[in-house]
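Given next are the chains, with one letter for each unit.
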Amino acid sequence: MNYIVSDSKYDFSSDNINIIALLYDESGSMEEHVYAMQKANKAFYDDFSKFEEKGSIAISKATFSNYYRMSPFKEVRFFDTSYRADNATHLYSSIVRTVESTIAYYNELVKRLNVRARITFLVFTDGEDNEDYGRYMDNAKAAITELNSLDATTVFVAFGDA
């Protein structure tokens with residue numbers, strides 16, 4: 001996990017809580033999509049900033065190439081719209097780490113607030129994992145299955161030949 005769960009948002013405007021985890025492939029093969037991703041992130045920020053129920057949303061942004069970073073789940077106003085592309089693609093292990101962190105946050109919300117948040121998990125990638133010959137693929141599939149058992153909405157946004 002790249003952050004401390006307690007650093008995330010726990011003060012919501014309603015019991016109808018939505019948590020959104022966004023996982024971005026920032027590997028070199030995504031270089032041709034940098035402008036489109038930056039534009040999409042800005043549009044996402046603008047739309048959710050105007051959303052009437054924005055006080056009931058917590059968003060986390062995770063990025064990876066041959067590194068992995070994940071922000072705490074925070075209000076829309078803290079969403080970082082930047083995007084870049086370089087290096088390798090550690091897709092499957094990044095999926096596992098993001099799902100683990102999302103479930104940890106979900107469980108903390110249940111414990112602290114006694115609510116079951118709705119989870120949306122989006123992965124933006126061209127799908128070209130090159131970490132240890134796809135060694136983490138089965139773990140990623142299991143993580144997605146576990147996340148979906150919580151009635152999460154899981155979306156893979158494919159780029160290139162993915």
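Residues numbered from 1 in each chain as written. Predicted model: local features only at pLDDT ≥ 70, side-chain atom pairs only at ≥ 80, totals over all residues. Heavy atoms only, no water.

Asks: Account for the pattern of salt bridges, with residues named and values stated.
Replies: Taken as a whole and assessed by the stated rule, the structure comprises 8 salt bridges. A salt bridge links Glu75 to Arg77; the nearest nitrogen and oxygen atoms lie 2.8 Å apart. (Salt bridge = Lys/Arg side-chain N within 4 Å of Asp/Glu carboxyl O.)

Asks: Before we move on, could you go through the environment of Ala117 and cite the residues and values that matter?
Replies: Looking at where Ala117 falls in the secondary structure, it is placed in the loop between α2 (91–113) and β4 (118–125). Between the C-alpha atoms of Ala117 and Ala58, which are 59 residues apart in sequence, the distance is 10.0 Å. With residues up to four places along the chain from it excluded, the contact list for Ala117 reads Ile17, Ile19, Tyr106 and Leu109. (Helix = DSSP H or I, 4+ residues; strand = E, 2+ residues; numbered from the N terminus. Contact = heavy atoms within 4.5 Å.)

Asks: Can you lay out the packing of aromatic side chains for me, pointing to particular residues and giving the numbers?
Replies: Under the defined criterion, the tally for this structure stands at 7 aromatic pairs. Ring geometry for Phe73 versus Tyr105: centroids 4.4 Å apart, planes at 5 degrees, classification stacked. Residue Phe73 is found in the loop between β3 (68–70) and α2, and its partner Tyr105 is found in helix α2; the two are separated by 32 residues along the sequence. The class of Tyr105 is buried, set by a relative accessible area of 0%. Three or more aromatic residues link up through ring pairs in this structure, and these residues are Phe44, Phe48, Phe51 and Phe79. Above the plane of the ring of Tyr24 lies Lys61, whose end atom (NZ or CZ) is 5.3 Å from the centre. (Phe/Tyr/Trp six-rings, centres within 6.5 Å; stacked < 30°, edge-to-face > 60°. Buried < 20%, exposed > 50% of the residue type's maximum accessible area, 1.4 Å probe, protein only. Lys NZ or Arg CZ within 6 Å of the ring centre and 35° of its normal.)

Asks: Pulling in residues and values, what's your account of helix α3 (residues 137–148)?
Replies: Spanning 12 residues, α3 covers 17 Å between terminal C-alpha atoms, matching the ideal 16 Å at 1.5 Å per step. Of all the positions in α3, only Ala140, Ala143, Ile144 and Leu147 are classed as buried. Along the axis of α3, the buried positions cluster into a sector of 95 degrees, meaning they face one direction only. Away from the buried face of α3 by more than 90 degrees, exposed residues Asp138, Lys141 and Thr145 are located. Summarising the contacts, the buried residues of α3 are in contact with α2, β4 and β5 (153–158). (Expected span 1.5 Å × (residues − 1). Arc of directions from axis to C-beta.)

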